[in-house]
Amino acid sequence: MTYVMSDIHGCYETYQAMLEAIQFAEDDTLYVLGDVLDRGPDGFKILLDMAARPNVAGILGNHELLAALALPALLRATRQGAEQPLSKTEQEQIQEWIQNGGRASILQFLQLSMEEMETVCAYLPKLSAYEEIAVAGRQFLLVHAGLEHFSPDRPLEEYSPEEFLFCRPSLDSSFFPDKTLVFGHTPTRLLYRQLGAPEQPDRIFYYGTMIGIDCGCAYPGGRLGCLCLDTMEELYV
């Protein structure tokens, strides 16, 4: 089976509970659509678990992008101490990450072993900005946030990483007619609010050829959603 989830935001126990709920097996595949890090305390535990599983594919989120820019300097500083101070650019990158919820992640990173730090720093650059997959006769495009400045004639490889990571698809957005866009980043409670739907537990959002799966795991009252693309079964923790 092929599963997708997103925006786990450091909630390691919830992530593990979801793997148990779907009975995740070696012949299954899981795509995690970014924002594993920040807000919650255990993002690097999730990343290290993902890195150790050949059947888990990570998609780059905006929080991973901030981490990928800042962590090499933190790793170097941990290795060398005060021998080589951080440059102004490195300090600014770390400060930007902190301003976007990275403080808990930085504290956790500094508690990792050197081997774990190196694993994380090698893994983050390998995360792709998007994945195109076919499951049960359907075509899916997996991204973190959406497709900014979309044009049907524009090849995906011409989009910058930022165009996959920061946008907020509106209900007026129209993408590929023959391909379903699956995304996180925007909590689905906000998308349902655009529709004027009554308040109810956070759930996966369907609209045209779009599926939103950020069910607000790190927010009060939110939960982690997971979608099986073979059967379209929804699971929640």
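This one's a predicted model, so the numbers in the text were calculated from it and none came from an experiment.

Novice: Tell me about the packing of aromatic side chains, and name the residues and values.
Specialist: Within this structure, the stated rule accounts for 8 aromatic pairs. Judged by centre distance (5.1 Å) and plane angle (25 degrees), the rings of Tyr 130 and Phe 164 are stacked. Pair noted here: Tyr 130 is in strand β4 (residues 130-135) and Phe 164 is in helix α6 (residues 161-165), with a separation of 34 residues, a long-range link. By relative accessible area, Tyr 130 is classed as partly exposed at 22%. With relative accessibility at 1%, the residue Phe 164 sits in the buried group. Here a set of aromatic residues connected by ring pairs shows up, and it is made of Tyr 130, Tyr 159 and Phe 164. Arg 154 extends its terminal NZ or CZ atom over the ring of Tyr 159, reaching a point 3.9 Å from the ring centre. One residue, Lys 179, lies across the ring of Phe 176, its end atom 4.6 Å from the ring centre.

Novice: A description of the sheet that holds strand β3 (residues 56-58) should follow, citing residues and the corresponding values.
Specialist: Ordered by their spatial adjacency, 5 strands build an open sheet running β3-β2-β1-β9-β10, and the pairing between neighbours is mixed. Each edge of the sheet is formed by a strand with only one pairing partner; in this case those strands are β3 and β10 (234-236). With direction set aside, neighbouring strand axes in the sheet form an average angle of 20 degrees. Of the pairings in the sheet, the one linking strand β1 (residues 2-5) to strand β9 (residues 225-228) comprises 3 bridges and is antiparallel in character. From the neighbouring strand, Val 4 faces β9, where its bridge partner is Leu 227. On top of the sheet, helix α1 (residues 12-21) reaches β1, β2 (29-32), β9 and β10; it is set at about 140 degrees to β10, its chief contact.

Novice: Tell me about unusual backbone geometry, and name the residues and values.
Specialist: Here the phi dihedral of His 9 falls at roughly 50 degrees; this positive angle occurs in a residue that is not glycine. The topology assignment puts His 9 in the loop between β1 and α1. Phi angles above zero are rare outside glycine, and Asp 35 is one such case at about 55 degrees. The exposure class of Asp 35 is buried, given its relative accessible area of 2%.

Novice: Kindly report on the sheet that holds strand β7 (residues 205-207), identifying the contributing residues and their values.
Specialist: Sheet architecture is open: 5 strands sit in the order β4-β5-β6-β8-β7, paired in mixed fashion. Only two strands of the sheet have a single neighbouring strand rather than two, namely β4 and β7. With direction set aside, neighbouring strand axes in the sheet form an average angle of 20 degrees.

Conventions we followed
Residues numbered from 1 in each chain as written. Predicted model: local features only at pLDDT ≥ 70, side-chain atom pairs only at ≥ 80, totals over all residues. Heavy atoms only, no water. Phe/Tyr/Trp six-rings, centres within 6.5 Å; stacked < 30°, edge-to-face > 60°. Helix = DSSP H or I, 4+ residues; strand = E, 2+ residues; numbered from the N terminus. Buried < 20%, exposed > 50% of the residue type's maximum accessible area, 1.4 Å probe, protein only. Lys NZ or Arg CZ within 6 Å of the ring centre and 35° of its normal. Pairing = 2+ DSSP bridges. Axes fitted to C-alpha atoms, helices over the stretch in contact; angles between N-to-C directions. Contact = heavy atoms within 4.5 Å.

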